[in-house]
Amino acid sequence: MNNASFVQGAYLVATALFVFSLHWMNDPKTARRGVMSGVAAMLLAVVSTWAQPVVVDHIWIIVPILVGIAVGWPLALVPLTAVPQRTALSHAFGGLAAGLVGTAKYYLWLGEGPENLTKFRMIAIIAEIILGFLTFTGSLMAAGKLQEVKWIPQRPVTYPGQNYINLALFLIAGVLGVMLIVNPTADWAPKIFPVIIGMALMFGVLLIIPIGGADMPTVIAILNSYAGLSAVAMGFVLDNKLLITAGALDGSSGLILSIIMCKAMNRSFFNVLFGAFGQVQAGKALGEGKVYKPETPEGAAQILEQASLVVIIPGYGMAVAQAQHKVRELYDQLKKRGITVKFAIHPVAGRMPGHMNVLLAEADIPYTDLIEMDEINPDMPQCDVALVVGANDVVNPAARYDKTSPIYGMPIIDADKARTVFAIKRSKNPGFAGIDNELYFSDKTWMVFGDAKAVIGELVKQLSGGSGMH
Amino acid sequence: MIQEHAAAPATDYWSLLFVFALATFIGLGVIRRVSRLLHTPLMSITNAISAIAVVGSIIVAGSDYPLEIKILGAIALFASMTNIVSGFLITDRMLKMFKTEPRTPEPKKLEGGKS
């Protein structure tokens, strides 16, 4: 009894610390305190649980913990461009843990105390394993796509009747789940259970297969939410309020992030998950008369030197080329000339929420110069040079008026309102959404073709060489 | 185990659902105010926090249960622990990079001057 109160008390403190941990994330100044608070909460939860008298086999705890540390440590040291896949991978681990604990509890109670398998618990167990295992394979697929693993198709894979097949699979899993909930101890129940697991695993794969790279920020956020909800379901199964609160915090975080991502693309959840963006293209070519105006880094450097406000618009291309450090050098060169330099960050730039901010912070750019889309857009008409680095769809003016465009209605950064636009692009191929960007054909746009890192390196060289001669 | 058997049939699920609803509202309120700059670290820290599944895994792996059950628990414990360690570490690593002032600019100036 005393012990139970001790554990509940520790859980209560841990809950509060988790809430504070997220609260402190509201400002970069206090955010690291949030990590400390989270670590303290987790330690408290682990130690107080471990100290319970039911836990008798300590070696069974020590070994997995050590292996977990051995695997987790290197995962924390990946280059920051690999953060999206690391995040997806950890959603997979979260889903797996929930699914396995649900499975273990079901078979345990089936064998040792069928009276434990109440309706409420069965509902929770079914929710836990479906959410857990579909998050597991779904996130693995997402991580594979982000890591560009060879045997996982990068492009969205679609086939006729895809959504019906998914829906059918989900319905069958649901019906089997209901059968188990009604009849958890029937003879056939232990055989149906693995079937549900199998279907959830399959569903996770099928759900992610039709999703392309540009939708990854939303999908990662949704999977984040599922991972949290599976922890909540585990809390219902185990009658554990700490699991419920911590899972709910994670679930609501995933929910808010997915809403932000969806809004930033002007799409609904349903559309992201079932719309197979990037596959079906109207194939509407722009007028033949339109041509790119190429520019050399030398010419671009001269214009940049004359500017008083430069806005750099980074996209996934910057991450791919690992160009953030060169961008920082360019930032330094321009600042040295008294030019104001700001970064315009679109919410879905990159492959996960906030991806660009982290990369630019890594390159030591003060976060006060990283400006959100909504805040920078009013200043764009005053901007002398907009420098687009590996971004594409987020600056496509077609989103404003072209109703046939797949990105119609998506809020964009108003690069086209700047006096001059330079776009650094690796090739003449269209971006991830597979559409031509008419910004590139505008009168005030000059294209600088080449690898983002090389081009910006060249710009820096021009600027530093120029200043050296004077 | 025995204590579990006795407590089992009467899960007070209403109070659990209340906790869930309230925690979700708190979560929505707190997360809404998180700086947009920090959405990537936010995702990695909530990841680490949802690895609270570690609590369930410890009970399943460490109790006196049949072997197959304990194996499932041990794998779950491994997965959660991986998330705890990598989640908190990488969050801190990223947060350290967010600064208002740049570091001393170009420490390698001497070599770079000629190029």
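Residues numbered from 1 in each chain as written. Chains lettered and ligands numbered in written order. Predicted model: local features only at pLDDT ≥ 70, side-chain atom pairs only at ≥ 80, totals over all residues.

Colleague: Help me get a handle on the overall build of chain A, residues and values and all.
Modeller: Along the backbone of chain A there are 17 helices and six strands. If one aligns the C-alpha atoms of chain A with their principal axes, the spans along those axes are about 85 × 50 × 35 Å. Counting the 470 residues in chain A, one finds 54% classified as buried. Taking the contacts inside chain A whose residues are at least 6 apart along the sequence as the reference set, 80% of them involve residues at least 24 apart. (Helix = DSSP H or I, 4+ residues; strand = E, 2+ residues; numbered from the N terminus. Buried ≥ 20, exposed ≤ 12 C-beta atoms within 10 Å, placed from the backbone. Contact = placed C-beta atoms within 7 Å.)

Colleague: With reference to specific residues and values, describe the sheet that holds strand 3 (residues 370–372) of chain A.
Modeller: Residue and element names in this part refer to chain A. Strand order in the open sheet made by the six strands is 3-2-1-4-5-6, with parallel pairing throughout. Each end of this open sheet is capped by a strand with a single partner; those strands are strand 3 and strand 6 (445–449). Taking each pair of neighbouring strands and ignoring which way they run, the sheet shows an average axis angle of 25°. Sheet contacts for helix 11 (residues 297–306): strand 1 (309–314), strand 4 (385–389), strand 5 (420–425) and strand 6; angle to strand 6, the most-contacted strand, approximately 135°. Against the sheet, helix 13 (residues 324–336) engages strand 1, strand 2 (340–345) and strand 4, with an angle of about 145° to strand 2. (Pairing = 2+ DSSP bridges. Axes fitted to C-alpha atoms, helices over the stretch in contact; angles between N-to-C directions.)

Colleague: I'd like a description of the packing of helix 3 (residues 59–75) of chain A against helix 4 (residues 54–62) of chain B, backed by residues and values.
Modeller: Contact geometry of helix 3 of chain A with helix 4 of chain B gives a least axis separation of 8 Å together with a crossing angle of 135°. Regarding the angle of helix 3 of chain A to helix 4 of chain B, the classification is oblique. The two elements helix 3 of chain A and helix 4 of chain B meet at a crossing, and its hand is right-handed. Where helix 3 of chain A abuts helix 4 of chain B, its residues Trp60, Ile61 and Pro64 of chain A lie against Ile58, Ala61 and Gly62 of chain B. Taken together, the residues of the contact of helix 3 of chain A with helix 4 of chain B sort by class into five nonpolar, one polar and no charged. (Parallel < 35°, antiparallel > 145°, perpendicular 65-115°, else oblique. Left-handed = near helix turned anticlockwise from the far one by under 90°. Nonpolar A, V, L, I, M, F, W, Y, C, P; charged D, E, K, R; others polar.)

Colleague: Outline the packing of helix 4 (residues 83–112) of chain A against helix 4 of chain B, supporting the account with residue identities and numerical values.
Modeller: One can describe the packing of helix 4 of chain A onto helix 4 of chain B by two numbers: an axis separation of 10 Å at closest approach and a directional angle of 40°. Judged by the inter-axis angle, helix 4 of chain A sits oblique to helix 4 of chain B. The chirality of how helix 4 of chain A crosses helix 4 of chain B is left-handed. Contacts between helix 4 of chain A and helix 4 of chain B pair Ala97, Val101 and Ala104 of chain A from the former with Gly56, Ser57 and Val60 of chain B from the latter. Tallied by class, the residues present in the contact of helix 4 of chain A with helix 4 of chain B amount to four nonpolar, two polar and no charged.

Colleague: Which residues make up the interface of chain A and chain B, and what values go with them?
Modeller: With 102 residues of chain A in contact, the opposing surface of chain B contributes 87 residues. Sorting elements by how many residues they give to the side of chain A that touches chain B places helix 4 of chain A first, with 17 residues. Each residue belonging to the side of chain A that touches chain B can be placed in one class, and the counts come to 58 nonpolar, 30 polar and 14 charged.

Colleague: I'd like a rundown of the confidence of the model for chain A, residues and numbers included.
Modeller: Model confidence for chain A is summarised by a mean pLDDT of 87, while 93% of its residues fall at 70 or above. Every residue in residues 277–288 of chain A scores below 50 in pLDDT, and together they form 21 contacts with partners more than four places removed in sequence or on other chains. (pLDDT = per-residue confidence, 0-100.)

Colleague: Give a detailed account of the pairing of strand 1 of chain A, specifying residues and quantitative values.
Modeller: Residue and element names in this part refer to chain A. Summarising burial for strand 1: five of the six residues are buried, a large majority. Note that strand 1 and strand 2 share four bridges and pair parallel. Residue pairing for strand 2: Val311 is matched across the bridge by Lys342. Examined bridge by bridge, strand 1 and strand 4 share five bridges and lie parallel to one another. By the bridge assignment, Val310 is partnered in strand 4 with Val385.

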